[in-house]
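These are the residues of each chain, in order.
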Amino acid sequence: MGLLSDPNRRRALIGMLTRLNAPICLVCYMAGVAWFMGLAFEPFTLRTYMSENAMGSTMVEERFPSGEAALATGREFAAHKKKAGGMPVDWLVRTMQSKGLEVFTQRFSRKLPFPDENKERYMVKGYNVYGILRAPRAPRTEALVLSAPCSPGNDNNQAVGLLLGLAQYFRSQIYWAKDIIFLVNEHDLIGMQAWLEGYHHTNTTGMDWSPLQGRGGSIQAALSLELSSDVVTSLDLVLEGLNGQLPNLDLANLFYAFCQKIGVLCTIQGKLPRNDWDTTSGYSHAVQTMMLMVLKQASGRPWGDHGLFLRYHIEAASIKGVNSFRQYKTDATTVGRLMEGMYRKLNNLLERLHQSYFFYLMPSLSRFVSIGYYMPAFGLLAVILLLRALDLWVQLSSPPTRTEDDGTEVVPSSPGVLSILTPLVISHLTGVALYTLPILSQETAVEHFPVSETEAVVLTAIAIYTAGLALPHNTHRLLSGEGTEQGWKVLKLVAVLYLAVLLGCTALINFSLGFILALTLVPLAAFITPHVPKALSAFLMVVLSPGCTLLFAVFFFQELQETPVSVQEGWMLFLSVISQGILDHALYGSLVYPLVALLVYPCWLLFWNILFWK
């Protein structure tokens, strides 16, 4: 504190920070990237452990015996689904009632803002069927959910069969202290959204659904099961939910513990755990796993039906059966016993899962990186913006004077308010257009151009994004005439502080998204000025813009999944990602698209204005 309270020492410190500003910023950027890459190195991570005492031991005896009967039920379900051309509602109601459950149905419908060409749907109508097993040993104030989506074709029939088999087996047990809800939802996330809104008496998305006639207690945890074959080689755990939310780490720990106990191969991001962490290939494998989680979390979309439970503070995850070419096979009975063990442990909970971490990254199922370990990587990038803001503030506080021919010194005039306000307003109006016009103008675009509604929305968004580059480069001159040297410095100071606050708030909600944006936006925000070479700087700014970052992320994601694509295929995936981002916002409330359109892109446009300031 003495260093800051002494005026001489404070001036010396500020002088050093401004004199060495560029080298310090470069070192901070390199250190932030190196810190993040080091997070996947096993000695720098923590071993997973169970924090919740009620689930601390896996000493329960799993006795589920009916795997073959469950598969037979799944085949019967598939036959009725094919005959009905969709969800066999009547058959499901009869079957659940025969298992001893209280059975209810829910009707829902939703008109999409534009057709979803990936799943070929526009006007969505369907049903959810759920049965409640009432707790025989408790006042029925709490509940657990086991769901299985009714997928089109031959997908997920085995999961529905296993769900019904587990319902029959659970009905014969007397130790349940929580209601257990067995849910079969149609139209994947849309059906799940309708059911959750009906269960909690909310309607945040404008969907039309019938009220639920039966409810259980307050939902404590949920698992979504996806199986599409009679045997599996491994079970993959999916954690990423809406807007980058993650369930409590103890839920992942519980899954891993029972997989280890029963002897089931388990993966995360489709990657098996490896023990050769001290080799280059082992470290590369951990980096790939962690980067896949980062990209999925940054997308903000729910990567399974569990993802919508998290917005209601319900800990949830999806378990997907994978049948690959490995020789090791796991049958339905073993998967059923794993589910039984997990639900018996969740049944022991006396309170919601809260003792373990909610913010983490996982290089493998046995290791994790907590928020205290990965936040310094973001902090090293964010401090660059504060250092640049300090440098600009010092320059503005003591502007250089120029000497006239007669020997008098002239202090540069301070910029007018309009010269700063005009770029801010125009940039954000462009962002508002990017957010609103693609959907509002789709009918007009379809009338005048040979494109579909989905293509019209995506191409309109790209056109508005590109048009932002063609705005008057010197927007500060529209109302106030020539710009000044002080003017661009004030605008940059505002833009740098704006970006620092924006990235900081984003990283607190969704670290992965905040870090990726910081990785690309911080360098251009730090070093862009009107005096750098225009052509090269404009090219680098476009490459580091939010749109190009998304394009590169699409190719990078495919490489990490070991499914590389050609340039044309990558471009089509890029267009599909844009349409899905807009749909996810309209259907489920994903915040990534409005964040980029209304805040990130206008902030980038401010730096684009600074580059072409005259």
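Cut-offs applied
- Residues numbered from 1 in each chain as written.
- Predicted model: local features only at pLDDT ≥ 70, side-chain atom pairs only at ≥ 80, totals over all residues.
- Heavy atoms only, no water.
- Helix = DSSP H or I, 4+ residues; strand = E, 2+ residues; numbered from the N terminus.
- Buried < 20%, exposed > 50% of the residue type's maximum accessible area, 1.4 Å probe, protein only.
- Contact = heavy atoms within 4.5 Å.
- Areas by Shrake-Rupley, 256 points an atom, 1.4 Å probe, with all protein chains shown as cover.
- Lys, Arg positive; Asp, Glu negative; His and termini not counted.
- Charge placed at Lys NZ, Arg CZ, Asp CG, Glu CD.
- UniProt positions renumbered as here; feature names shortened; annotations may be inferred.
- Pairing = 2+ DSSP bridges.
- Salt bridge = Lys/Arg side-chain N within 4 Å of Asp/Glu carboxyl O.
- Patch = residues over 30% accessible without salt bridge, like charges linked within 9 Å, V, L, I, M, F, W, Y side chains within 5 Å.
- Axes fitted to C-alpha atoms, helices over the stretch in contact; angles between N-to-C directions.
- Left-handed = near helix turned anticlockwise from the far one by under 90°.
- Nonpolar A, V, L, I, M, F, W, Y, C, P; charged D, E, K, R; others polar.
- Core = buried A, V, L, I, M, F, W, Y, C linked by side-chain atoms within 4.5 Å.
- Phe/Tyr/Trp six-rings, centres within 6.5 Å; stacked < 30°, edge-to-face > 60°.
- Lys NZ or Arg CZ within 6 Å of the ring centre and 35° of its normal.
- Parallel < 35°, antiparallel > 145°, perpendicular 65-115°, else oblique.

**Some words on the overall build of the protein**
Regarding its fold elements, the protein presents 21 helices and 14 strands. Along the three orthogonal principal directions, the C-alpha set of the protein runs to about 100 × 60 × 45 Å. Taken over 614 residues, the protein has a buried fraction of 53%. Across the protein, contacts joining residues at least 24 apart in sequence account for 80% of those joining residues at least 6 apart. Carbon and sulfur atoms make up 62% of the accessible area of the protein, which totals about 26600 Å². Across the protein, the mean location of the 45 positive side-chain charges is 5 Å away from that of the 46 negative side-chain charges.

**Some remarks on the UniProt feature "transmembrane region" (unreviewed entry) in the protein**
The residues that UniProt annotates with the feature "transmembrane region" (unreviewed entry) are residues 20-41, 371-396, 416-435, 495-528, 535-557 and 591-613. What you have in residues 20-41 is 82% helix and 0% strand, and the ends, taken at the C-alpha atoms, are 32 Å apart. For residues 591-613, helix accounts for 87% and strand for 0%, while the C-alpha atoms at its two ends are 32 Å apart.

**Describing the sheet that holds strand E5 (residues 179-186)**
Think of a sheet as strands paired side by side through backbone hydrogen bonds, with each pair either parallel or antiparallel. What the nine strands build is an open sheet, ordered E6-E2-E3-E5-E4-E7-E10-E8-E9; its pairing is mixed. Since the sheet does not close on itself, it has two edges, and those belong to strand E6 (208-209) and strand E9 (266-268), each with one partner. Where strand E4 (residues 142-150) meets E5, eight bridges bridge the pair, whose relative direction is parallel. Counterpart to Ser 147 in the pairing with E5 is Leu 183.

**Things to note about the pattern of salt bridges**
Within the structure shown, the criterion is met by 12 salt bridges. Put simply, Asp 208 and Arg 107 hold a salt bridge, and the shortest N to O gap is 3.7 Å. One end of the pair, Asp 208, is in strand E6; the other, Arg 107, is in strand E2 (residues 102-116), with 101 residues separating them in the sequence. It is possible to trace a salt-bridge network through shared partners that takes in Glu 102, Arg 134 and Asp 179.

**Points about a negative patch on the surface**
Among the surface-exposed residues, Glu 117, Glu 120, Glu 443, Glu 447, Glu 453 and Glu 455 lie close enough to one another that they form a single negatively charged patch. Of all the secondary-structure elements, those providing two or more residues to the negative patch are helix H13 (442-448) and helix H14 (453-467). Relative to the assigned elements, Glu 447 resides in helix H13.

**Here we look at a nonpolar patch on the surface**
Among the surface-exposed residues, Val 417, Leu 418, Leu 421, Val 425 and Leu 429 lie close enough to one another that they form a single nonpolar patch of about 470 Å² accessible area. Inspection of the secondary structure assignment puts Leu 421 in helix H12 (residues 417-440). The partly exposed category is assigned to Leu 421, whose relative accessible area is 42%.

**Structural notes on the sheet that holds strand E12 (residues 367-370)**
Judged by pairing direction, the sheet is antiparallel, and its three strands sit side by side in the order E1-E12-E11 without closing on themselves. Since the sheet does not close on itself, it has two edges, and those belong to strand E1 (46-47) and strand E11 (360-364), each with one partner. The pairing of E1 with E12 spans two bridges and is antiparallel. Paired with Arg 47 across the two strands is Arg 367, which belongs to E12.

**So, the packing of H12 against helix H21 (residues 592-611)**
At a minimum axis separation of 8 Å, H12 and H21 run at an interaxial angle of 145°. Judged by the sense of rotation from one axis to the other, the crossing of H12 with H21 is right-handed. Facing H12, whose interface residues are Pro 423, Leu 424, Ser 427, His 428, Thr 430, Gly 431, Val 432, Leu 434, Tyr 435 and Pro 438, H21 presents Tyr 593, Pro 594, Ala 597, Leu 598, Tyr 601, Pro 602, Leu 605, Leu 606 and Asn 609. Here the contact of H12 with H21 is composed, by residue class, of 14 nonpolar, five polar and no charged.

**Considerations on the nonpolar core**
Among the nonpolar cores identified, the biggest contains 115 residues, and Phe 36, Trp 195, Phe 309 and Phe 607 are the most heavily contacted of them. Broken down by element, the residue count for this core peaks at 14 residues, all from H21. Apart from the residues lying within four places of it in its own chain, the contact partners of Phe 607 are Lys 492, Ala 495, Val 496, Leu 499, Leu 524, Ala 525, Ile 528 and Met 541. Judged by nonpolar contacts, the second largest core, of 67 residues, contains Met 55, Leu 92, Leu 101 and Cys 266.

**Points about the packing of aromatic side chains**
Aromatic rings in a pair are described by how distant their centres are and how their planes are angled relative to each other. Taken as a whole and assessed by the stated rule, the structure comprises 25 aromatic pairs. Arranged with centres 6.0 Å apart and planes meeting at 45°, the rings of Phe 77 and Trp 91 form a pair that is tilted. Of the two residues, Phe 77 is situated in helix H4 (residues 67-84) and Trp 91 in helix H5 (residues 89-98); the sequence distance between them amounts to 14 residues. Note on accessibility: Phe 77 and Trp 91 belong to one class, buried. Each residue in the set Phe 64, Tyr 169, Phe 170, Tyr 175, Trp 176, Phe 182 and Tyr 343 is aromatic and connected to the rest through ring pairs, giving one cluster. The ring of Trp 303 is capped by Lys 296, whose NZ or CZ atom sits 5.1 Å from the centre of that ring. Directly above the aromatic system of Trp 303 lies the positively charged group of Arg 301, at a separation of 5.2 Å from the ring centroid.

**What to know about the packing of helix H11 (residues 371-397) against helix H17 (residues 511-527)**
One can describe the packing of H11 onto H17 by two numbers: an axis separation of 10 Å at closest approach and a directional angle of 30°. Accordingly, the angle class assigned to the pair H11 and H17 is roughly parallel. The crossing of H11 and H17 is left-handed. Side by side, H11 and H17 meet where Tyr 374, Met 375, Ala 377, Phe 378, Leu 381, Ile 384, Leu 385 and Arg 388 of the first sit next to Phe 511, Gly 514, Phe 515, Ala 518, Leu 519, Val 522, Ala 525 and Ala 526 of the second. Within the contact of H11 with H17, the residues separate by chemical class into 14 nonpolar, one polar and one charged.

**Describing unusual backbone geometry**
The phi dihedral of Asn 156 falls on the positive side, at around 65°, and the residue is not glycine. Checked against the element boundaries, Asn 156 lands in the loop between E4 and helix H6 (157-171). According to the relative accessible area criterion, Asn 156 is buried, its value standing at 3%.

**Some remarks on the pairing of strand E7 (residues 218-226)**
Within E7, seven of the nine residues are buried, which leaves it mostly tucked inside the rest of the structure. As judged from the six bridges shared by E4 and E7, these two strands associate in the parallel manner. Looking at E7, one finds that Val 145 is bridged to Ala 222. Of the strand pairs in this sheet, E7 and strand E10 (residues 315-322) are connected by six bridges, and their pairing is parallel.

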